[in-house]
Amino acid sequence: MIGKIAGRIDYRAEDHVLIDVRGVGYLVYVSDRTMASLPGPGEAVALYTELLVREDNLQLFGFTTLVEKEWHRLLTSVQGIGAKASMSILSTLGPDGVSRAIALGDWNAVKAAKGLGPKTAQRVVNELKDKAASVMALSGQVGAASADATPDDVIDPAAPAAPVAAPAPTGHAAAQSEALSALTNLGYAPGEAASAVAQALGEDPALDTTGLIRAALKLLAPKG
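Everything numeric here is computed off the predicted structure, so don't read it as measured data.

Draft legend 1. The arrangement of the overall build of the chain in detail. Assigned secondary structure in the chain consists of nine helices and five strands. Along the chain, from the amino end to the carboxyl end, the secondary structure elements read β-β-β-α-β-β-α-α-α-α-α-α-α-α. Looking at the 224 residues of the chain, the share that counts as buried comes to 43%. Residue pairs in contact within the chain that sit at least 24 positions apart in sequence constitute 58% of those at least 6 positions apart. When the accessible surface of the chain is summed, it comes to about 11300 Å², and 52% of that surface belongs to carbon and sulfur atoms.

Draft legend 2. Structural view of the sheet that holds strand β4 (residues 44–53). The sheet built from five strands closes into a barrel, its strands ordered β1-β2-β3-β5-β4 with mixed pairing. Pairwise comparison of adjacent strand axes, ignoring direction, gives a mean angle of 55 degrees for this sheet. Pairing geometry for strand β2 (residues 16–21) and strand β3 (residues 24–29), over six bridges, is antiparallel. Along β3, the bridge assignment pairs H16 with Y29. Packed on one face of the sheet, helix α3 (residues 83–104) meets β3, β4 and β5 (58–63) and runs near 15 degrees to β5.

Draft legend 3. Representation of the packing of α3 against helix α8 (residues 190–203) in the model. Remark: α3 packs on α8, axes separated minimally by 8 Å, with the N-to-C direction vectors making an angle of 120 degrees. Comparing their axes, α8 and α3 come out oblique. Judged by the twist between their axes, the crossing of α3 over α8 is left-handed. Contact residues: R100, A103 and L104 in α3; A194, S195, A198 and Q199 in α8. Grouping the amino acids of the contact of α3 with α8 by side-chain chemistry returns four nonpolar, two polar and one charged.

Draft legend 4. How the structure looks around the side chain of S99. Its place among the elements puts S99 in helix α3. The class of S99 is buried, set by a relative accessible area of 4%. What S99 contacts, discounting residues up to four positions off in sequence, is W71, A132, V135 and M136.

Draft legend 5. Main features of α3. With 22 residues, α3 extends just 23 Å between its outermost C-alpha atoms, more than 12% less than the 32 Å of an ideal straight helix rising 1.5 Å per residue. Within α3, the axis deviates most sharply at G94, by approximately 90 degrees, and proline P95 lies no more than four positions further along. Among the 22 residues in α3, 16 count as buried, and that is most of the element. Just beyond α3, the residue with positive phi is G105, at close to 70 degrees.

Draft legend 6. Region of interest: the pattern of salt bridges. Counted under the stated rule, the structure contains two salt bridges. We note a salt bridge from E50 to K69, for which the minimum N-O separation is 3.9 Å. One end of the pair, E50, is in strand β4; the other, K69, is in helix α2 (residues 66–75), and 19 residues separate them in sequence. The shortest N-O distance in the salt bridge between E70 and R73 comes to 2.5 Å. Note that E70 and R73 are positioned in helix α2 at a spacing of three residues, about one turn of the helix. Note on E70: relative accessible area 21%, which makes it partly exposed.

Draft legend 7. Looking closely at the nonpolar core. Ranked by internal contacts, the top residues of the largest apolar core, which has 47 residues, are W71, I89, I102, V110 and V197. No other element matches the ten residues that α3 contributes to this core. Dropping the residues within four chain positions of it, I102 is found in contact with W71, V110, V124, V125, L128, K129 and A132. Counting twelve residues, the second largest nonpolar core, distinct from the first, contains I5, V17, V28 and V30.

Criteria and cut-off values
Residues numbered from 1 in each chain as written. Predicted model: local features only at pLDDT ≥ 70, side-chain atom pairs only at ≥ 80, totals over all residues. Heavy atoms only, no water. Helix = DSSP H or I, 4+ residues; strand = E, 2+ residues; numbered from the N terminus. Buried < 20%, exposed > 50% of the residue type's maximum accessible area, 1.4 Å probe, protein only. Contact = heavy atoms within 4.5 Å. Areas by Shrake-Rupley, 256 points an atom, 1.4 Å probe, with all protein chains shown as cover. Pairing = 2+ DSSP bridges. Axes fitted to C-alpha atoms, helices over the stretch in contact; angles between N-to-C directions. Parallel < 35°, antiparallel > 145°, perpendicular 65-115°, else oblique. Left-handed = near helix turned anticlockwise from the far one by under 90°. Nonpolar A, V, L, I, M, F, W, Y, C, P; charged D, E, K, R; others polar. Expected span 1.5 Å × (residues − 1). Bend = angle between axes of the 7 residues up to and from the residue. Salt bridge = Lys/Arg side-chain N within 4 Å of Asp/Glu carboxyl O. Core = buried A, V, L, I, M, F, W, Y, C linked by side-chain atoms within 4.5 Å.

Laid out in C-alpha cells, this is it:
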C-alpha cells in the first residue's frame, strides 16, 4: 500500500497531478480543494495517498491531511459512493465541512456535491453519523503532509527544496478535539457530542475550548 508520496510536481491537470519521485512519476488524483492548495510545477510536495485497486486499473488519490484521507476512506465505504463521488463531496465541502454535515445530519449539504442524489446523501449521513466524532477529534491531533519530512535523497538532492513545515493543528481544530473528549468523558454519546460541537461552532466559530464546551452543554441540556 502506498500511503504517502513526496517529490516534485511535474505537471498539474484538471483533477490530478504527476509527482516525480527520483525519476518515477506517480499520477495522483485530488479534490478541487486539494488541487487549489498545491504548488506549481517543479515545486516540492507531499501528499497522503489511498490506492484504489481494480481488476483493470490502479489509481492513487492524494490528500493534504490525514483527516481528508480518513473521510475519503469512510465515504467510499458507503454503498453507492465510489472514489469519484467521494472526491466530489470533499471538493464541495472540504474535510471540515464533511465533518459538520455528517455530525449535524445535514444531508442537504452533502447533496450539494455534484452527481449525488438525495437518497445517496441521506445514506451517507445515516451510515457515517456515528463516525463523525472520531474524525473530528483526529483533526485536532494531526497536521498536514509536509515536504520537509522527506529525506534529501527522496527528492532530487541536486536541487533541494526549501522545507515546508507541517502546520500545527489550528486553535479551532484543537478546541473541537478537546471539547469532544470532554463531552464523551461526561457520558455523552460520541454522535450527540459531535452534533452539539458542530452546531456550536457553526453559531460561533471563534469559541475557544471552554466556550465550546459550555455552548455544547447548553445544546445538549434537556429542553423544557
